[in-house]
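Structural characterization, general
In case you want the letters, here they are:
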Amino acid sequence: SAVISQKPSRDICQRGTSLTIQCQVDSQVTMMFWYRQQPGQSLTLIATANQGSEATYESGFVIDKFPISRPNLTFSTLTVSNMSPEDSSIYLCSAKDFSSNEQFFGPGTRLTVL
Amino acid sequence: AQSVTQLGSHVSVSEGALVLLRCNYSSSVPPYLFWYVQYPNQGLQLLLKYTSAATLVKGINGFEAEFKKSETSFHLTKPSAHMSDAAEYFCAVSGSNDYKLSFGAGTTVTVRA
C-alpha cells in the first residue's frame, strides 16, 4: 500500500491570499486525486491530477481557482487561489497504485480562511 | 455516473452490540464499492472493498460487508461494537475504469459503554 504525506497539515490564511498544498507518495502511482471535505460534510472530488498534463476538473471546480500540478508519478500540488472563508475545508490527496483497485488517502490539510 | 446513499447520519450502539451501517448505490456500470473510516482529525482509512469478486467481503477491525446486486446495497456490519469503533464511516463507489470515488454523506457511529 502507498503511504501519502501532505504539507502543511493545517493553516490559517487571510482572505484573498493563496495556499499551495503538497502531496507526496512513497511509491509510484498511476492516479492521484484531490478531494475537499467541507465542515461536517462528505468528500467531494475536485480533480484528477494527471502526470505531465493538465488536471481533469469535476463540475463546479475550475483551474483558475484550484490549479493543480503533477510533475512526476509521486508528487502533486493543489493551490487554493484568492481564498474566501467558504474555502475553509479539509483538502485530501489520494492515490491509486499500479497493483490494486483501491485509493489511499493522505491525512489531509485543514484550511481555515479568515 | 455512480452515487451512493447512506441511510442514517448517526448510529448509536451499545458496546458489544451489532453495528449495521446501510449503503445503497446507483451505478450505470459494474461498480467498485468501498467503506472508509475517518477518526477525528485524521484522514480516511480503507475498511474493505468490493471489486466484483466474492460478494461477502471481510475487512479490517472485524468489519464485513455484503454486495447484493438485487438490492443495490453494500451494508457494513460488525457483530460486536468496541469503543474504538466510534468514528465517521463513508461508503463510496467508483466505476471500474476511472476510479473516481463518489462518497456518501457519512454515518457517525457512537458507542455507549
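Residues numbered from 1 in each chain as written. Chains lettered and ligands numbered in written order. Predicted model: local features only at pLDDT ≥ 70, side-chain atom pairs only at ≥ 80, totals over all residues. Heavy atoms only, no water.

As for the interface of chain A and chain B
In this assembly, 20 residues from chain A lie in contact with 19 residues from chain B. The contact between chain A and chain B buries some 1600 Å² in all, and 55% of this surface belongs to carbon and sulfur atoms. If you sort the residues of chain A by the area they bury against chain B, Asn101, Glu102 and Phe105 of chain A come out on top, with a joint share of 32%. Between chain A and chain B we count two salt bridges in total. Note that Glu102 of chain A is salt-bridged to Lys49 of chain B, the shortest N-O span being 2.8 Å. (Contact = heavy atoms within 4.5 Å. Buried area = accessible area lost by both parts, 1.4 Å probe. Salt bridge = Lys/Arg side-chain N within 4 Å of Asp/Glu carboxyl O.)

Some remarks on the sheet that holds strand 8 (residues 75-80) of chain A
All names here are of chain A. Ordered by their spatial adjacency, four strands build an open sheet running 1-3-8-7, and the pairing between neighbours is antiparallel. The open sheet terminates on both sides in strands that have one partner only, identified here as strand 1 (4-7) and strand 7 (68-72). Recorded for the sheet is a direction-independent mean angle of 15° between the axes of neighbouring strands. Inspection of the sheet shows strand 3 (residues 19-25) paired to strand 8 by six bridges, in the antiparallel sense. If you follow Leu19 over to strand 8, its bridge partner there is Val80. (Pairing = 2+ DSSP bridges. Helix = DSSP H or I, 4+ residues; strand = E, 2+ residues; numbered from the N terminus. Axes fitted to C-alpha atoms, helices over the stretch in contact; angles between N-to-C directions.)

Some remarks on the packing of aromatic side chains
Summed over all chains, the structure comprises 15 aromatic pairs over all chains. Ring geometry for Tyr35 of chain A against Phe105 of chain A: centres 5.4 Å apart, planes inclined by 50°, an arrangement best described as tilted. Pair noted here: Tyr35 of chain A is in strand 4 (residues 29-37) and Phe105 of chain A is in strand 10 (residues 103-105), with a separation of 70 residues, a long-range link. A single burial state applies to Tyr35 of chain A and to Phe105 of chain A, both of which are buried. Through pairs of rings, three or more aromatic residues link up here, namely Phe33, Tyr35 and Phe105 of chain A together with Phe34, Tyr36, Phe90 and Phe103 of chain B. Lys96 of chain A extends its terminal NZ or CZ atom over the ring of Tyr99 of chain B, reaching a point 4.5 Å from the ring centre. (Phe/Tyr/Trp six-rings, centres within 6.5 Å; stacked < 30°, edge-to-face > 60°. Buried < 20%, exposed > 50% of the residue type's maximum accessible area, 1.4 Å probe, protein only. Lys NZ or Arg CZ within 6 Å of the ring centre and 35° of its normal.)

Let's talk about the state of the cysteines
Taken as a whole and assessed by the stated rule, the structure comprises two disulfides over all chains. There is a disulfide in this structure between Cys23 of chain A and Cys93 of chain A, and the S-S distance comes to 1.9 Å. Every disulfide takes its handedness from the sign of the S-S torsion; for Cys23 of chain A and Cys93 of chain A that torsion is -65°, giving left-handed. Of the two residues, Cys23 of chain A is situated in strand 3 and Cys93 of chain A in strand 9 (residues 89-97); the sequence distance between them amounts to 70 residues. On the basis of relative accessibility, which here comes to 0%, the residue Cys93 of chain A falls in the buried class. The residue that forms a disulfide with Cys23 of chain B is Cys91 of chain B, at a sulfur-sulfur distance of 2.0 Å. Around the S-S axis, the bridge from Cys23 of chain B to Cys91 of chain B shows a dihedral of about -65° and counts as left-handed. Of this pair, Cys23 of chain B sits in strand 3 (residues 19-27) while Cys91 of chain B is found in strand 9 (residues 87-95), placing the two residues 68 residues apart along the sequence. We note that Cys23 of chain B, like Cys91 of chain B, is buried. Cys13 of chain A forms no disulfide, and the closest cysteine sulfur to it belongs to Cys23 of chain A, at a distance of 18 Å. Judged by relative accessible area, Cys13 of chain A falls into the buried class, the value being 8%. (Disulfide = S-S within 2.5 Å.)

Don't take any of this as a statement about function, it's just geometry.
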